[in-house]
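# Close look at the chain arrangement
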Amino acid sequence: MAIANILLVDDEKDFVEVIAKRLSKKGFYVTKAFSGPEALRAMRKADFDIAVIDLKMEEMDGIEVLKILGKMAPELPVIILTGHGSEAAAREGVKCGAMEYLTKPCDFEELLGKIEKILER
Amino acid sequence: MSQENRLKEPYYKSLTRKMLFIVIAVSFAPLIMVSGIILNQFSISYHEKVNAHLGELVLKNRQNIDGFLLEKLNNIRFMSRSFTVEELRNEEFLRNNLAALQTEYGSVFEDLGVINEKGIQVTYAGPFKLENAGYSDTEWFRKAMNSDFFISDVFLGLRGLPHFIITVKQKSNGKPWILRATISFVAFNSLVENLRNGKTGFAFILNSKGELQSKPGFEVAYGKSDSFRESIKRAGKTKDGVFFSEMADDSGKENLYVASLIKNGDWMLIYQQDKSDAFSDLTHAKQIALIIILIGGMVIFVTAFLLSKRMVERIAQADGEKELMNQQVIETGKLASLGELAAGIAHEINNPVAIMVEEAGWVHDLMEDEQFSGKENKDEFERALAQIKTQGKRCREITRKLLSFARKTDTCVEDVRINSVINDVIGFCAQRAKFSNVIINSKLQENLPVLRMSHTEIQQVLLNLMNNALDSLEKRGGNITLTSWLEGDEVVISIADNGPGIPRANLSRIFDPFFTTKPVGKGTGLGLSICYGIIKKMEGEIDVRSIVDAGTTFYIRLPGRRED
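In this report, we go over the structure that sits alongside the text. A quick note: this is a predicted structure, and the numbers were derived from the prediction, not measured. (Residues numbered from 1 in each chain as written. Chains lettered and ligands numbered in written order. Predicted model: local features only at pLDDT ≥ 70, side-chain atom pairs only at ≥ 80, totals over all residues. Heavy atoms only, no water.)

## Here's the deal with the overall build of chain A
To be explicit about the condition: Helix numbers and strand numbers start at the N terminus; a helix is a DSSP run of H or I with at least 4 residues, a strand a run of E with at least 2. Burial classification: accessible surface area is computed with a 1.4 Å probe over protein chains only, and a residue below 20% of its type maximum counts as buried, one above 50% as exposed, and the rest as partly exposed. Contact definition: two residues touch when any of their heavy atoms are within 4.5 Å. To be clear on the numbers: accessible area is Shrake-Rupley with a 1.4 Å probe, and residue cover counts the displayed protein chains and nothing else.
Along chain A, the regular secondary structure elements total five helices and five strands. For chain A, the residues scored as buried account for 50% of the 121 residues in total. Taking the contacts inside chain A whose residues are at least 6 apart along the sequence as the reference set, 60% of them involve residues at least 24 apart. Just so you have it, chain A exposes about 5900 Å², and 47% of that area is on carbon and sulfur atoms.

This is the structure in structure tokens:
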């Protein structure tokens, strides 16, 4: 049985694939979404324990996704991934309900640490 | 371009010339105009004054001379009417009358004579033996016989001495006779001689033929003809019967002539004076005015020259500063573009690097499930994967710094941990320091309060100071030490180098805009002034201490705020 269900949202496919594989090996069940709309479709189909969302996406901005997720599943903990130098966006994300943020390129161990921290709460 | 070279450019030389010309023209024009007008008016007034004065002089003398002649004529006429010809023919009687006249008038009357209708002087009273002298062939006798009275021109006479005579004609028993008096030339001449003015002004009398009737004190500058009298009448203007004219003599010298007709128009009393002597005061005034104009002109020229030179230097300096500012703007623009480019590249590199690192991590994860035949291979795999991770981190660090640098244009105020900024700056300068043999040390106090300021601006200041320190150590290497500590409520940062130091004379100007000791083209002189402005805006202080051949330390004090 999976430790937790994670929704991984980023339009960088290769990044999503490798992170998903590593998280799976650690025992997580990972649903991959390569855009905001895809993430929202996934949300309607399943429940998740954590969402990891990249803020900078082309089709739908991460903040927008966050806001909609906040209405769909207000209790869902979200970790946002921001580019270096976008602290303002990170603060915006936190205001919109994100629990944690990491700057990209993020360390897998760091991400794992934050996920485990959230699950412990 | 140095100020000296800039001033040699044709544009600035031309500007200097134009400015000089305009200032001189604007200054000279009114000076010349006003001087000219005043001098002209003064000259006219002075001429009128001199002419009026000389005219009065001549008029007065005319009256004197005419009066003299009339008086003498009246004396003789009175005698001729008061006594009979028989009485006057008595020599003793005549002598007594002569003596009476001489008692009254001095030596004016030289002699008296009674001349009959045949021109024979029948009676004579005087110093010479002229009894029975015959004058029938003389012109004066002819003229005297043709009018009731006659005053002759000056002539030499039988004795060869200049004199003139006054005659009165009377009749006795139907026969005309003449009472004649010889008037002393000396006495008469003294009337004319007394008309003197200035150094060269004198008078003389000419008869209708242009012959001198007096002995002038100076050389009369004219040709001996009646045309001279006519020339005077024609050349000048007339007022109250006085002629004023200015004519050049044969030598070219300009003379002033003031003349009037006397003796019923037979004679002309002429006053002559060198024009330069007559108007010497005016000439003197003109000379003084000219000297003043010349001196004033020199002062104007020198002032205009210095003023235009100074102004063009200022203009050139301002142009130079403007050029430097433009360069700075262009450089800033280039930097901003480069920054944007760097940010773009950094963002683009980040993702592939992250993927690469994570794939290496994934391989490492998979290796945990694998059985390796030899420990060596497993160790090597782990080493290689660790290396990928390390180099990936290194790439990440580089892009992080690049992005941090690219955020320079962002001046928003935020919470700043100064040690972090210092470390960033050390990182930026590490490569350059390595190539310049400079060792960068840092002694940063922990847990300094968070500062509320623009991250990019304080980074810009520290980077500028670091670059200056590196510039000073470029040739010989050395040490740079960055220190941060807390003093009361202030966070203090120092950047110290052991470079050549800054001379005392330059220290006070180090924060002045455009002040630079770097060669032309190597520094705009704006860096430290911008730093000064930024720190002041942050309500901080920036200061410098330096000792020549020992080193320089910059101190920055910033008001801190306690972390909540």
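## Quick look at the overall build of chain B
When helices and strands are counted, chain B shows 14 helices and 17 strands. Evaluated residue by residue, chain B yields a buried proportion of 40% over its 564 residues. Considering only intrachain contacts with a sequence separation of at least 6, the fraction spanning at least 24 residues in chain B is 62%. Element-wise, carbon and sulfur atoms account for 55% of the exposed surface of chain B, whose accessible area totals about 31200 Å².

## Structural notes on unusual backbone geometry
Non-glycine residue Asn 132 of chain B carries a positive phi angle of around 65 degrees. Among the structural elements, Asn 132 of chain B can be located in the loop between strand S2 (121-125) and helix H5 (139-146).

## Some details on the packing of helix H1 (residues 13-25) of chain A against helix H5 (residues 108-120) of chain A
Residue and element names in this part refer to chain A. Applied cut-off: For every element, the axis is a line fit to its C-alpha atoms; helices are fit only across the contacting stretch, and the angle between N-to-C directions ranges from 0 to 180 degrees. In these notes the angle categories are as follows: under 35 degrees is roughly parallel, over 145 is roughly antiparallel, 65 to 115 is roughly perpendicular, and the rest is oblique. If you view the pair so one helix is near and one far, a crossing is left-handed when the near helix is turned anticlockwise from the far one by less than a right angle, and right-handed when it is turned clockwise. Following the grouping adopted for this structure description, the nonpolar residues are Ala, Val, Leu, Ile, Met, Phe, Trp, Tyr, Cys and Pro, the charged ones are Asp, Glu, Lys and Arg, and the polar ones are all others, Gly among them.
Their axes nearest at 12 Å, the elements H1 and H5 cross at an angle of 55 degrees. When the axes of H1 and H5 are compared, the pair comes out oblique. Crossing of H1 against H5: the hand is right-handed. Residues Ile 19, Arg 22 and Leu 23 of H1 lie in contact with H5, whose contacting residues are Phe 108, Glu 109, Leu 111, Leu 112 and Ile 115. Tallied by class, the residues present in the contact of H1 with H5 amount to six nonpolar, no polar and two charged.

## Concerning the nonpolar core
Residues and elements named next belong to chain B. Keep this limit in mind: For our purposes a nonpolar core is just a set of buried Ala, Val, Leu, Ile, Met, Phe, Trp, Tyr and Cys residues, chained together by side-chain atoms within 4.5 Å.
Phe 164 and Leu 269 are the most contacted members of the largest nonpolar core, which has 49 residues in total. With 12 residues, the single largest contributor to this core is helix H2 (residues 10-82). Residues Leu 463, Leu 473, Ile 534 and Leu 558 belong to the second largest nonpolar core, which totals 41 residues.

## With respect to helix H11 (residues 418-435) of chain B
Residues and elements named next belong to chain B. Put simply, the rule reads: Expected helix span is computed as 1.5 Å times (number of residues minus one).
The end-to-end C-alpha separation of H11 is 26 Å, in line with the 26 Å expected for 18 residues at 1.5 Å each. Within H11, the full set of buried residues consists of Ile 418, Asn 419, Val 421, Ile 422, Asp 424, Val 425, Ile 426, Cys 429 and Ala 433. In the stretch just after H11, Asn 437 is the one whose phi turns positive, near 60 degrees.

## With respect to the sheet that holds strand S16 (residues 541-547) of chain B
Residues and elements named next belong to chain B. Short version of the rule: Note on pairing: DSSP must find at least two bridges between two strands before they are called paired.
Spatially, the five strands line up as an open sheet ordered S12-S14-S15-S17-S16, and their pairing is mixed. Lying at the two open borders of the sheet, with one neighbouring strand each, are strand S12 (438-444) and S16. Averaged over all neighbouring strand pairs, the angle between strand axes comes to 15 degrees, with direction disregarded. Strand direction decides the pairing type here: strand S14 (residues 478-487) and strand S15 (residues 490-497), joined by eight bridges, are antiparallel. Residue pairing in the sheet places Leu 486 in a bridge with Val 491 of S15. Each of S12, S14 and S15 is contacted by H11, which is oriented at about 170 degrees to S12, the strand it contacts most.

## Some details on the interface of chain A and chain B
Note the following rule: Once two parts are brought into contact, the accessible area they lose, counted with a 1.4 Å probe and summed over both, makes up the buried area. Here, a salt bridge means any Lys or Arg side-chain nitrogen found within 4 Å of an Asp or Glu carboxyl oxygen. N or O atoms within 3.5 Å of each other form a polar contact, as long as, within protein, one can give a hydrogen and the other can take it, and as long as residues adjacent in sequence are counted only when both atoms are side-chain atoms.
At the junction of the two partners, chain A supplies 18 residues and chain B supplies 19 residues. A buried area of about 1900 Å², summed over both sides, lies between chain A and chain B, and 57% of it is on carbon and sulfur atoms. Where chain A meets chain B, there are three salt bridges. Between Lys 25 of chain A and Asp 369 of chain B there is a salt bridge, with its nearest N and O atoms 2.6 Å apart. At the junction of chain A with chain B, the criterion picks out seven residue pairs in polar contact (both at pLDDT 80 or more). Of all the secondary-structure elements, those providing two or more residues to the side of chain A that touches chain B are H1 and H5 of chain A.

## Brief notes about empty space enclosed by the protein
Gaps between atoms show up when a probe of the same size as a water molecule is rolled over them. Filter applied, for reference: As defined here, a cavity is a set of points on a 1 Å grid over the protein atoms alone where a 1.4 Å probe fits but cannot get out. A pocket is an open set with protein on both sides within 12 Å along at least five of seven lines, and residues line them when an atom is within 4 Å of a point. Grid points are joined across faces, edges and corners, and a volume is the space filled by probe spheres set on the points.
In the structure shown here, the tally under the stated rule is one cavity of 30 Å³ or more. The computed volume of the largest cavity comes to approximately 80 Å³. Taken together, Pro 105, Cys 106 and Asp 107 of chain A together with Val 353, Ala 354, Val 357, Glu 358, Lys 389, Gly 392, Lys 393 and Arg 396 of chain B make up the full set of residues lining the largest cavity. Sorting the residues of the lining of the largest cavity by element identifies helix H9 (280-367) and helix H10 (375-406) of chain B as the ones contributing at least two each.

## With respect to the pattern of salt bridges
Using the criterion set out here, one finds 25 salt bridges over all chains in the structure. Among the salt bridges present, the one from Asp 365 of chain B reaches Arg 22 of chain A, with a minimum N-O distance of 2.7 Å. Here Arg 22 of chain A lies in helix H1 and Asp 365 of chain B lies in helix H9, a pairing that spans two chains. According to the relative accessible area criterion, Arg 22 of chain A is buried, its value standing at 6%. Among the salt bridges present, the one from Glu 100 of chain A reaches Lys 114 of chain A, with a minimum N-O distance of 3.1 Å. One end of the pair, Glu 100 of chain A, is in strand S5 (residues 100-104); the other, Lys 114 of chain A, is in helix H5, and 14 residues separate them in sequence.

Geometry only, nothing functional implied.
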